[in-house]
Amino acid sequence: MNFELKSRKLIRLIVVLVTGLLTPLFIFWGVSGSVWTQPDFQALDLFYRLAVKSGHGPKLSPRIVYVTITDETYAYFGKNILDRADMARVNSVLNELGVEAVAYDIIFARPSNIDSDKKFAESISELGSLYLPIAFAYSKKEKSFKWGEGIAYERFRSDCLRRPVEKGAAMPFYATRALMQSDSFAEAAFNFGHISAFNDSDGVSRHVIMLLKVGDRYFPTLSLAIFLDYARVPFNKMIVDWGKKIVIPAIKGGILEKDVVIPIDDRGRAFIPFAQKWDKGFKKMGAHRLLQYFEDEDLRGNLSEFFEGNFVFIGDISVGTSDLGQTPLEPDVPLIITHTSMLNGMLTNTFYHKWSFRQIAGLVLLIGILLGVSALPRSSWILYGTGGFILAGTIGLTWLQFVHFSLFPVVTVVVSFLFIFFGLIAGMEVAVSRERAFIKNAFSRYVPEGVVNQLLANPELLHLGGDERVITVLFSDIENFTSISEKMAPPDLAGLLNEYLTEMTDLVLDHGGIIDKYEGDAIMAEYGAPLPMPDHADKAVRTGLKMQGRLKELREKWGEKGLPEMRCRIGINTGPMIIGNMGSDRVFDYTVIGDAVNLASRLEGANKRYNTYLMISEFTHKCLTPGMFSTRVLDVIKVKGKKKAVKVFEVCGETSEDMDPNLESFHKTYHTAFEAYLARDFVFAREKFTEALSLQPDDPTSKQMLARIDALNPDELPADWDGSVALTSK
């Protein structure tokens, strides 16, 4: 992995991009007024269910009990409606059992049977600590409350509306209308609380409105009213820090050992700490079972253990009458659970705290900085790795925060991260596209376009340093170029040379080679790098043949213009070489080094001795596709500076091309002669070289071999004689 930094230009660009991407996020949150979105809560529902299932949810207080009115209850009473005389019996039993408080989740709004209502009102008074709910219509905007007539409204005005200690900017919900209890029940009740439902935009009950404003005073939710009386904390001692928390203080004369803190938003909504699903939550008993067990003296003692000192919530959950809704834990659940869950949170002092705007903005700022820093190195994998780490870390942080009762807006943070991440990538791609296009255009002058495209896609193939690889190298040089240059004016010579190099370069690139360098009139090219090429030897040899063929055409063209005749000599070798970017960190060249490279260069020069123009080594010859090229063995040579002998071949063409029968016979005869020569059968070798010379009288190789045989004394040859000749010049 490359930790070298990008250019200064790109570093400045990254800083600008990160800043430019963070700014609209902060502006959007400021305009919308919150960093929390509905998808955040929907995502947290998944974590909530998992936390509760794995035992990481809020603890269940043993002091909360349900008395439920079910279908079996109606059957027991033998009635289709809830008779208040029957509920008076329930109240009386609960009073006998010594409960802490009773709260109804039922509004008895209208009078019914006079005797039943009287019994019910008397049971409310006898029970003492019985709480009745009030339901409200409410508005986000400040509106006047519509007052009605009667004892319920009078008591609501005089006994229920109070002012807490307020801090911060309040944005409460305003009560506009009320559904009150019937006057006789309202007069008898110990206290009241509202049960006005609040659903999030997706219909899920996640929050409860802790306080509703009526005029210049406030009315608490049912669970808060119950807890304040239980804790013996006056309403006016409660502290409401809008947008942050409600503090129920541990005051002198109260029962609290420490403050109870309920996190709220700027409208006074608290996140409901559901402790369990309905079926696995607080203890439950049907109202009819309560009466049945109480009538049985043997079971009455068990009822005392079940109810004594506990908070009892009474609700109708019968089919068709129950108030059902969806919570983060389950659908279609009686919504009385919202009130019991809030009271449970106060009894256990367990609530979920939401991350604040500053915390979230700070985290997103940190993410932006991390992404920006990770984008500085040249390797893009560092940025991608950091992105993956941040994404996984965000999910992990969400879970860690949740099990510690802190709500983390995972969707907001993930979307912000993706916005910065992909925005940074897109911005960098756009910014460097022109530079890449320039590099591609410039590189394509020396490397095939397909190779350039692959290098752009896989830049790790080009790095400072080298890799050992078996490839093929081609060297070409113009014959007698010095004498040609002396006869031409510099501008004419430059034009001729450029035309030659252009034509030869095109052939190299067309056959998949890369131009390593130009040295005057000489060309050095490689095949099989930087990308692997299985037939690199074939392509190099074919390039050499095409170069000779094209040069023949150019000679005819130049001859018509009176320009000098030019020929080039080509040497090709295949072998292990070190290829890569050689040089310093700031200035380097993509090239090859090694003995195999030097041999290719020497073969180009060795053409002079044999009057040939395309010579390859035995190593290249072995790598050629069998039967593809027509070659003839030339000699076994030791190039200057090397002690190891190498067999060399002349490439005459492709086998698909027609060959002169006389030349074909010459090649076969020469090959037979040379094999006899190496086998030390000099008599037969002389005979065959002489025959070959008769077929090609001007062939210098046959003449040299005959002269070499004449100079040999077979009796004096050493045991390791290999038939090679040492070349004394390059």
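Draft legend 1. Region of the structure containing the overall build of the chain. A tally of regular secondary structure across the chain gives 23 helices and 28 strands. Whereas a compact globule of 730 residues would reach a radius of gyration of roughly 27 Å, the chain reaches 48 Å, over 25% beyond that. The principal-axis extent of the C-alpha atoms belonging to the chain is close to 145 × 60 × 45 Å. For the chain, buried positions account for 51% of its 730 residues. Expressed as a percentage of contacts within the chain between residues at least 6 apart in sequence, the contacts between residues at least 24 apart total 75%.

Draft legend 2. Quick look at the sheet that holds strand E4 (residues 165-167). Read from one edge of the open sheet, 4 strands run E4-E10-E11-E12, paired in mixed fashion. Because the sheet does not close on itself, it has two edges, and the strands there are E4 and strand E12 (260-263). The sheet shows a mean angle of 15 degrees between the axes of neighbouring strands, taken without regard to direction. Inspection of the sheet shows E4 paired to strand E10 (residues 239-241) by 3 bridges, in the parallel sense. Following the sheet pairing, Glu-166 is matched in E10 by Val-240.

Draft legend 3. Focus on the nonpolar core. Membership of the largest hydrophobic core comes to 83 residues, with the highest contact counts inside it found for Met-210, Ile-248, Ile-262, Phe-313, Met-346 and Leu-424. For this core, the element with the highest residue contribution is helix H14 (residues 410-443), accounting for 9 residues. Core analysis: the second largest hydrophobic core is formed by 56 residues, Val-508, Leu-551, Leu-554 and Leu-693 among them.

Draft legend 4. Structural context of the pairing of strand E3 (residues 130-139). Of all the 10 residues making up E3, 8 are buried; the element is thus mostly covered by neighbouring parts of the structure. In this sheet, E3 lies alongside strand E2 (residues 101-104) in parallel orientation, the contact comprising 2 bridges. The partner of Val-102 across the bridge, within E3, is Leu-130. Where E3 meets strand E6 (residues 191-194), 4 bridges bridge the pair, whose relative direction is parallel. Within E6, the position partnered with Pro-133 by the bridge is Gly-193. Inspection of the sheet shows E3 paired to strand E5 (residues 173-179) by 5 bridges, in the antiparallel sense. For Ala-137, the partnering residue across the bridge sits in E5 and is Arg-177.

Conventions used here
Residues numbered from 1 in each chain as written. Predicted model: local features only at pLDDT ≥ 70, side-chain atom pairs only at ≥ 80, totals over all residues. Heavy atoms only, no water. Helix = DSSP H or I, 4+ residues; strand = E, 2+ residues; numbered from the N terminus. Rg over C-alpha atoms; globule rule 2.2 N^0.38 Å. Buried < 20%, exposed > 50% of the residue type's maximum accessible area, 1.4 Å probe, protein only. Contact = heavy atoms within 4.5 Å. Pairing = 2+ DSSP bridges. Axes fitted to C-alpha atoms, helices over the stretch in contact; angles between N-to-C directions. Core = buried A, V, L, I, M, F, W, Y, C linked by side-chain atoms within 4.5 Å.

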